[in-house]
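# Geometric and topological summary
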Amino acid sequence: MTTRHDTAALPSKGGAAPGRPPGEGPSSDAARKRARLSRRWQRDMRWSPYAFVTPFFVFFAAFGLFPLIYTGWASLHTVELTAPTDMAWAGLDNYTRIFDDDFFWNAAQNTLTIGVISTVPQLLMAMGLAHILNYKLRASTFYRVVMLAPYATSIAAASLVFVLLFGRDYGMINWALDLVGLDKIDWQNGTWSSQFAVSSIVIWRWTGYNALIYLAAMQAIPQELYESAALDGASRWRQFIHVTLPQLRPTILFTVVVSTIGASQLFGEPLLFDANKGASGGSQHQFQTLGLYLYEQGWVNQHLGRASAIAWTMFLILIVIGIVNYVISRRLRASS
């Protein structure tokens, strides 16, 4: 009788389950996981900044770049607001036509006059207020909030209040003039009086804002400069002239440029100051700005091509202002 000898396989090391090849242990899984996390971190570090700035470029392209390009294209065509897709090539006729228009030059002159009347007193008052607040005062935070309140006020609300103040028959300004024996002024129908009234709205709204900018710049000036000037016997006025103003040159230039740009785009204040609430800027166009002139041509007269030419003319003016700012700032840095 033949005896069957079955030979069983030797048990593998570590139990009945087959063993892992070398290098396939838990440490290898952790290394692969770390490698995946490292690659993910590298991708995140590389592409996250683009993801963060993408919304800005999307909105800029939709609401900034496209209107700019379309306006430039429309300025070279004859196109009406009622049919914006019907364009007839006009070349530079829209530009030559507005340059031959007396109302355009009147609006440009009014814009310049109102800009000077509003910007110069505004920045001088802002400098004085910032200099006062730069010293230690009680409730200084309260005063800063109060100065910023006009900036946070709606243009419509502020303009309507000033319309009541400058009213011809029942305005508080004429009431005060009558108390001191002066004749009443027809603020809305006079040339200089209406421009002064519109400028007062701008001064009231932006003086506190510029004062806080000057105050922040003053607080960044090293105290050692004032201490050295005081040891040399300089009074506070001389310290202001020889220490504060030279240190504030870049800030002053910035506020001048920003105020000039804002004055060239003035629209809401003269629009709401007009008694007829129209875009003519008064009965004789005495305070019509370039912004009102653009609105009148585009939305009242419905000449979209001509309004586009005005918009691009204003844009070129702002570019010139920017170039002048760059040249002056470079010279100031070189001289300092």
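All of the points below concern the structure found in this document. (Residues numbered from 1 in each chain as written. Predicted model: local features only at pLDDT ≥ 70, side-chain atom pairs only at ≥ 80, totals over all residues. Heavy atoms only, no water.)

Let's shift gears to the nonpolar core. M127, A130, Y214, M218, I221, V243 and L248 are the most contacted members of the largest nonpolar core, which has 17 residues in total. Looking at this core, the elements that each hand over two or more residues are α3 (102-133), α7 (191-219), α8 (223-231) and α9 (236-247). If near-sequence neighbours (up to four positions away) are discounted, M127 is found in contact with Y214, M218, F240, L245, L248 and I252. Formed by 13 residues, the second largest nonpolar core is a distinct cluster that contains F166, V202, L266 and F273. (Core = buried A, V, L, I, M, F, W, Y, C linked by side-chain atoms within 4.5 Å. Buried < 20%, exposed > 50% of the residue type's maximum accessible area, 1.4 Å probe, protein only. Helix = DSSP H or I, 4+ residues; strand = E, 2+ residues; numbered from the N terminus. Contact = heavy atoms within 4.5 Å.)

What follows is about the environment of T255. Examined against the element boundaries, T255 turns out to sit in helix α10 (residues 249-264). Looking at T255, the relative accessible area reads 1%, which means it is buried. Linking T255 and A211, residues 44 residues apart in sequence, is a C-alpha distance of 10.0 Å. Other than its neighbours up to four places away in sequence, T255 contacts L123, N210, I213 and Y214.

All right, on to a positive patch on the surface then. Taken together, K33, R36, R39, R40 and R43 make up a surface patch of like positive charges. Positionally, R36 belongs in helix α1 (residues 26-74). (Patch = residues over 30% accessible without salt bridge, like charges linked within 9 Å, V, L, I, M, F, W, Y side chains within 5 Å. Areas by Shrake-Rupley, 256 points an atom, 1.4 Å probe, with all protein chains shown as cover. Salt bridge = Lys/Arg side-chain N within 4 Å of Asp/Glu carboxyl O. Lys, Arg positive; Asp, Glu negative; His and termini not counted. Charge placed at Lys NZ, Arg CZ, Asp CG, Glu CD.)

The next subject is the side chain of D101. With respect to the helices, strands and loops of the structure, D101 is situated in the loop between α2 (93-99) and α3. An unpaired buried charge is present at D101: no salt bridge exists, and R306, the closest side chain of opposite charge, is 5.7 Å distant. When sequence neighbours within four positions are dropped, the list of residues in contact with D101 reads Y293 and Q297.

All right, on to the pairing of strand β1 (residues 77-80) then. The two faces of β1 differ: H77 and V79 on one face are buried, but T78 and E80 on the other face are not. Where β1 lies against strand β2 (residues 83-89), three bridges are found, and the strand directions are antiparallel. Residue pairing in the sheet places E80 in a bridge with A83 of β2. Between β1 and β2, which pair antiparallel one after the other, the connecting turn spans two residues. (Pairing = 2+ DSSP bridges.)

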